[in-house]
There are 2 protein chains.
Amino acid sequence: MTDRKIVFYPEEKMILTGEKKTILEASQKAGIAIEATCGGKGTCGKCRVRIQHGAREPLTNVEENFLSSSDVEKGIALACQCRGYGNLEVFVPEKGNELSRKLSLESKKVLLDTDLRKEYLELEKPHVHDFRSDANRLIDGLKGKQINPLQLDVLSTIPFILRENDFKVTAVLAGNELLVVEAGDTRNKIYGVALDIGTTTVVGFLLDLCQGLVIGAASRTNKQNSYGADVISRIQFSNEQDNGLKCLQEDVLSVINEIINELTQQNGIDIGSIYQVLVVGNTVMSHLFLGLSPAALGKSPFIPAFSSMTVIPAYALGLEINHRAQVIVLPNIAGYVGSDTVAALLAVKIDKYTGSAMMIDLGTNGEIALACDGRLYTCSTAAGPAFEGAHIYHGMRAVKGAIEKVRIDKTVTVDVIGNVAPCGICGSGLIDAVSELVKAGIINNNGRIMSQKDLDGKIPEELWHRLRHSSSGQDFVLYYGTTDADDIVLTQRDVRELQMAKASVRAGAEILLKEADIKARDLNAVMLAGAFGSFVRKESILSIGMLPRVDERVVYSVGNAAGEGAILALSSENERNHAQYLARKATHVELSLRADFNRSFRDACAFM
Amino acid sequence: MTDRKIVFYPEEKMILTGEKKTILEASQKAGIAIEATCGGKGTCGKCRVRIQHGAREPLTNVEENFLSSSDVEKGIALACQCRGYGNLEVFVPEKGNELSRKLSLESKKVLLDTDLRKEYLELEKPHVHDFRSDANRLIDGLKGKQINPLQLDVLSTIPFILRENDFKVTAVLAGNELLVVEAGDTRNKIYGVALDIGTTTVVGFLLDLCQGLVIGAASRTNKQNSYGADVISRIQFSNEQDNGLKCLQEDVLSVINEIINELTQQNGIDIGSIYQVLVVGNTVMSHLFLGLSPAALGKSPFIPAFSSMTVIPAYALGLEINHRAQVIVLPNIAGYVGSDTVAALLAVKIDKYTGSAMMIDLGTNGEIALACDGRLYTCSTAAGPAFEGAHIYHGMRAVKGAIEKVRIDKTVTVDVIGNVAPCGICGSGLIDAVSELVKAGIINNNGRIMSQKDLDGKIPEELWHRLRHSSSGQDFVLYYGTTDADDIVLTQRDVRELQMAKASVRAGAEILLKEADIKARDLNAVMLAGAFGSFVRKESILSIGMLPRVDERVVYSVGNAAGEGAILALSSENERNHAQYLARKATHVELSLRADFNRSFRDACAFM
Ligand code: FES
Ligand code: FES
């Protein structure tokens, strides 16, 4: 068999593959991220790519199911299904590559209280009456500071660095640990990177730890996406494939190295001047990042391998920064309440409110925390995916082309991210749409989309025409495309998905209130964290009944709290220790064990 | 060029070499230790091997100089000179492979006070109401003990070990560090190895740290020997050759792995059950073992890279034991007073004497320490080599075939190690011989061997006949071989070597007494450490004037004190800390800087 060449655009990445691999398999080998929510099982239809050049095999049944004839005409294929006969040129749509929302922390000023420091030393040179060892000479130079025993790799460089630089060197310290000794005076160069490893996206912030400034932000799609969109498929992959864990770890490390490279190049900084990396992420992501098996996270009772703050040297992971840099992973609270939530709790200062405060972080998962009288409760719900567009017929994440706001009066008005023709709907748009449709009487209290027959004469005609019957039930057209197939619709199943999601969140929140023995009206703050929280209309979110019954004025958006918390923990040792304190303090409530959860959930399903 | 095969016996180790390498070069590649005192420069004549099979090139000038015709007949060649035409079989004499003297610590009972311990845990299994992380579950199981943050490599094994063993595991701890988690109950298996890395020989002791027993001892020639017998040539090699340092490090590590293999196999022990290795050696050996450049040790002011106790994980060095085992290198005092001396000081409890005590360790170097009123002084002399047979015409180390005792009355009687025909003379034999010859009037007070003419009729005829004139001056025959060339003689140069060595020791000892402001008669103990010290006759050593003027009754042999100290430091954390204390406390006196040293040295040269 001769080698077949596949080139992926827009990256122009070429790969030779001797076997008849699917495009998805080839992309994984090439390190190209294709959205593959179902992990290639052929059930999600998300792995759309466009064949620009080359011949493909006939459509599979799965493709016939998911692709319209206009798709097929354009050369759209499902990457997990499609194989080609020879060389192929494949265009991968850049879903999710514009993540400006998450990066809003750029240029943020931070309070510096880091344990990283540099000391410039002009040491006395050895002479016949001063024959201290190089190590002792150096440590004596750091006058009186308690220094841990030196690591061998540092020790081995010291004799050379001292002598090549006339005994004028800079010692880089993290706490009591001597990390590195550098030639000459490098005191003005101390950098760190805060990373938020999301299931979908990895975001990095570059901090100047001399000035206390976030000087750059960058993000990339998590390459692990090609093994499935959710943590469960990643856990499965790591359990079932040889080297699966290693593969997933390498994927995320390579994304991180790319991010760090971009950050340092843009700012003209030497990667060797990065001495600390602070990592947050959900518990599965933290495990995969560290190369720890997430197997026990995949089934009840969802046990993590570790939960405390973990510090490891960069060389142990192969991060391309100073090889002695410290990589700090913040603690997690439970299998489904990760260090990203801990970081968010830190950023919103959840424990500093008088009275009680709730934080809801809706990312790929939905974590809820409640602080009250010095106590802290957490739970996690499976709410997230719907808000990121998963399982929604025209769902997509909050990127260019997504409908993010919907207003319904006599007709339907939509706001689209990037002001382009919409190609789907994101979480905030979905909530808006449902909220507005309920108000318009088009969706009833039980969440059913009424038929044209039900509503004949009862709603404005323009709206009435948007009701459409499809194989899966009733649809409502949010936006008319050039052909019927291009219309963006809300389906009955979409409404059910949202209903489940919002009910989970509401039920989780109610259970925490019960656990803390307080009422919704006692809440002084309900904070919505995550990109989602920043863009959703409070009014809609309250109107669909996703939150406990609180006054709109206590609901706040807190933006990318996880990222902010990571930055805080990187720039301040105290904040870091406080994160550890919060994680230890939290009482995690496992909802699946609560007899009262199902009832709460059922109660929360209705729209009223 | 076709490959040439060289097989080394008795190891039967084969090596293919495509170039025209000398046998010494090939042996280095093959990892075979050939004694090469001059490092292959062709000046020592020690690298004798026997060509068992195969054709060699004509003798070089150097070989003609060093080899007798009977040597040549037997196939003897100098490895650094000889190249062959094709395949060769080479027999390497096993000089120094029988080191029973150093191993005398076998079966020694030790007081156990180790910081290594095992705890068997039967942990509660996780369930829906107990979802602690695996790491926390384990640490909670170690009730209340302060445990350092877990290392990633340990962490990564924990989820599997716990689940595969029904949550019944053994935790191995060293101090606050969790080293390893093992399946089931392994409490009765805790072993450690104490290593004394000598310039010439590496000795290892296997300790059962449950029972507190030395259960095995083994030794090997330090493979670095093939790069030169003394530390100076090793330093040069590491400075001048590409990869020289790495090469020397690998040599000593491979010797250590061999020793550990032998020890564990003989005792039916799994190498994974070795959790600690305690290393002592002179400062250069410690540096090479750790892969630290000894460059600054090669010239005044002789600065070591490190001097404190150093602990590193076994995997960082590639020692074939439990990969998480701790390798502990005891502290050194100065460039030429190493951790072996510190260990010896620990073993002889130098600081526990009432009054004052001196220890003299005569190995390859000669270190002297003086404790007095809570103070501790050290110095080092270049005395050693002569006592190990270096630079002595028929010199050899104290191994089988060495003359170790000499008595002279009307004739000469020699004791030979192993009761075989002698093939050389070791340090204790040399001192005996000179002492006896001085007493017999054959060597005068200045150290000159008198000629037959000088002594005509003045000494017994049998002795008179042993005086022989050679190109290098006057010789004295200690033992008649089958031919003249096989005779074992003491040369004038040998006497000069000994004279220099003993004068160095004496002068060093006198300087320390002066520094401490005490007199020789104040010494309550003069301890002779090292294999040498155990076998030399006190009477002779005093009679040649090597020691300050003390009563014979305060002179003790303390045997292999360095090895004993290493064992102590391995079996007891307190002893280890005390070693660190002694090393810090010591005031090192650099003899070369003392204006009074030369005078003391000159005074000490005479035999009287
Ligand atoms: S259908 Fe292809 S990845 Fe889901
Ligand atoms: S003469 Fe061969 S090594 Fe010295």
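Residues numbered from 1 in each chain as written. Chains lettered and ligands numbered in written order. Predicted model: local features only at pLDDT ≥ 70, side-chain atom pairs only at ≥ 80, totals over all residues. Heavy atoms only, no water.

Right, let's talk about the overall build of chain A for a bit. Per the secondary structure count, chain A includes 20 helices and 26 strands. A compact globule built from 608 residues should have a C-alpha radius of gyration of about 25 Å, and chain A, at 27 Å, falls within 12% of that. Its C-alpha atoms give chain A principal-axis dimensions of roughly 105 × 70 × 40 Å. Buried positions account for 59% of the 608 residues belonging to chain A. Restricting to contacts in chain A with at least 6 residues of sequence separation, those with at least 24 account for 66%. Of the roughly 24200 Å² of accessible surface on chain A, a fraction of 48% belongs to carbon and sulfur atoms. Across chain A, the 66 positively charged side chains and the 74 negatively charged ones have centroids separated by 3 Å. (Helix = DSSP H or I, 4+ residues; strand = E, 2+ residues; numbered from the N terminus. Rg over C-alpha atoms; globule rule 2.2 N^0.38 Å. Buried < 20%, exposed > 50% of the residue type's maximum accessible area, 1.4 Å probe, protein only. Contact = heavy atoms within 4.5 Å. Areas by Shrake-Rupley, 256 points an atom, 1.4 Å probe, with all protein chains shown as cover. Lys, Arg positive; Asp, Glu negative; His and termini not counted. Charge placed at Lys NZ, Arg CZ, Asp CG, Glu CD.)

On to the interface of chain B and chain A, then. On the side of chain A, 36 residues touch chain B, which itself brings 35 residues to the contact. Here chain B packs against chain A, burying approximately 2900 Å² in sum over the two surfaces, 72% of which is carbon and sulfur. On the chain B side of the contact with chain A, Phe131, Leu152 and Ile303 of chain B bury the most area, a combined 21% of that side's loss. Scanning the region where chain B abuts chain A turns up zero salt bridges. Linking chain B with chain A are nine residue pairs in polar contact (both at pLDDT 80 or more), by the criterion used here. At the level of secondary structure, the elements contributing two or more residues to the side of chain B that touches chain A comprise helix H4 (134–141) and helix H5 (152–164) of chain B. No other element matches the six residues that H5 of chain B contributes to the side of chain B that touches chain A. (Buried area = accessible area lost by both parts, 1.4 Å probe. Salt bridge = Lys/Arg side-chain N within 4 Å of Asp/Glu carboxyl O. Polar contact = N/O pair within 3.5 Å; in protein donor to acceptor, adjacent residues only side chain to side chain.)

All names here are of chain B. Across the sheet, which stays open at both edges, the three strands sit in the order S19-S18-S20 with mixed pairing between neighbours. The sheet is open, and its two edges are formed by strand S19 (412–416) and strand S20 (424–425), each paired on a single side. In terms of strand pairing, strand S18 (residues 402–408) meets S19 through five bridges, oriented antiparallel. In the strand pairing of S19, Lys405 is matched with Asp415. Contacts from helix H12 (residues 427–439) reach S18 and S20 within the one sheet, and its direction differs from that of S18 by about 15°. (Pairing = 2+ DSSP bridges. Axes fitted to C-alpha atoms, helices over the stretch in contact; angles between N-to-C directions.)

Before going further, it helps to spend a moment on the pattern of salt bridges. Summed over the entire model, instances satisfying the criterion amount to 62 salt bridges over all chains. The closest approach of N and O atoms between Arg537 of chain A and Asp432 of chain A, which form a salt bridge, is 2.9 Å. Taken together, the residues span a long stretch of sequence, with Arg537 of chain A in the loop between helix H16 (530–535) and helix H17 (538–543) and Asp432 of chain A in helix H12 (residues 427–439) at a distance of 105 residues. Each of the two residues, Arg537 of chain A as well as Asp432 of chain A, counts as buried. Of the charged contacts, one joins Asp166 of chain B and Lys168 of chain B as a salt bridge, the two residues approaching to 3.5 Å between their closest N and O atoms. A single network of salt bridges, built from pairs that share partners, joins Asp130, Arg132, Arg137 and Asp140 of chain A.

Superposition of chain B onto chain A requires a rotation of 180° combined with a translation of 0.1 Å along the rotation axis, giving an RMSD of 0.3 Å. The operation mapping one copy onto its partner corresponds to a two-fold rotation axis. Considering only C-alpha atoms, the residue of chain B closest to the rotation axis is Ala316 of chain B, which sits at 5.9 Å. By residue overlap, the copies meet face to face through one surface: 100% of the interface positions of chain B are interface positions in chain A. (Least-squares fit on C-alpha atoms with pLDDT ≥ 70 in both.)

Residue and element names in this part refer to chain A. Turning to its location among the elements, Ala503 is positioned in helix H15 (residues 492–516). Taking C-alpha positions, Ala503 is 64 Å from Lys168, a pair spaced 335 residues apart along the chain. Excluding its chain neighbours within four sequence positions, the residues that come into contact with Ala503 are Phe601, Ala604 and Cys605.

Another point: the pairing of strand S8 (residues 177–183) of chain B. All names here are of chain B. The buried fraction of S8 is high, at six of seven residues. As paired strands, strand S7 (residues 168–174) and S8 are joined by six bridges and run antiparallel to one another. Residue Leu173 lies in a different strand from S8, and its bridge partner there is Leu178. Following S7, the chain reverses through two residues before pairing antiparallel with S8; Gly175 in that reversal takes a positive phi of roughly 60°.

Next up on the list: the environment of Asn365 of chain A. Looking at where Asn365 of chain A falls in the secondary structure, it is placed in the loop between strand S15 (356–362) and strand S16 (366–372). Once the C-alpha coordinates of Asn365 of chain A and Glu258 of chain A are considered, the two residues, 107 residues apart in sequence, prove to be 25 Å apart.

Before going further, it helps to examine the packing of helix H10 (residues 339–347) of chain B against helix H19 (residues 573–585) of chain B. Residues and elements named next belong to chain B. It is the contact of H10 with H19, at a shortest axis distance of 9 Å, that shows an interaxial angle of 115°. For the pair H10 and H19, the sense of crossing is right-handed. Residue-level inspection shows Val342, Leu345 and Leu346 of H10 in contact with H19, the latter providing Glu575, His578, Ala579, Leu582 and Ala583. Among the residues forming the contact of H10 with H19, the class breakdown is six nonpolar, one polar and one charged. (Left-handed = near helix turned anticlockwise from the far one by under 90°. Nonpolar A, V, L, I, M, F, W, Y, C, P; charged D, E, K, R; others polar.)

Here we take up the side chain of Ser540 of chain A. Within the secondary structure layout, Ser540 of chain A lies in helix H17. Beyond its immediate sequence surroundings of up to four residues, Ser540 of chain A is in contact with Ile431, Asp432 and Ser435 of chain A.

Moving on, we get to the domain arrangement of chain A. Residues and elements named next belong to chain A. Here the domain parsing of chain A yields domain 1 (4–91), domain 2 (116–183), domain 3 (191–329) and domain 4 (337–608). Distance from the C-alpha centre of domain 2 to the C-alpha centre of domain 3: 31 Å. Domain 2 puts twelve residues into the contact, and the matching count from domain 3 is nine residues. Counting the surface lost from both domain 2 and domain 3, the interface buries some 800 Å², and carbon and sulfur atoms represent 53% of this. Of all residues in domain 2, the largest losses of buried area upon contact with domain 3 belong to Leu116, Asp153 and Leu179, amounting jointly to 56% of the total for that side. Summed over the shared surface of domain 2 and domain 3, the result is two salt bridges. (Domains from an automatic or database assignment.)

Before going further, it helps to spend a moment on the side chain of Asp71 of chain B. Residues and elements named next belong to chain B. Residue placement: Asp71 occurs in helix H3 (residues 69–74). Asp71 gets classed as buried once you look at its relative accessible area, which sits at 8%. Among residues more than four places away in sequence, those in contact with Asp71 are Arg48, Phe66 and Ile76.

A word on unusual backbone geometry. Residues Ser300 of chain A and Pro301 of chain A are joined by a peptide bond in cis, for which omega reads 5°. A positive phi angle, close to 55°, is found at Asp166 of chain B, a residue other than glycine. In this model, Asp373 of chain B sits at a positive phi of 50°, which is unusual for a non-glycine residue. Tracing the backbone through its elements, the reader meets Asp373 of chain B in the loop between strand S16 (366–372) and strand S17 (375–381).

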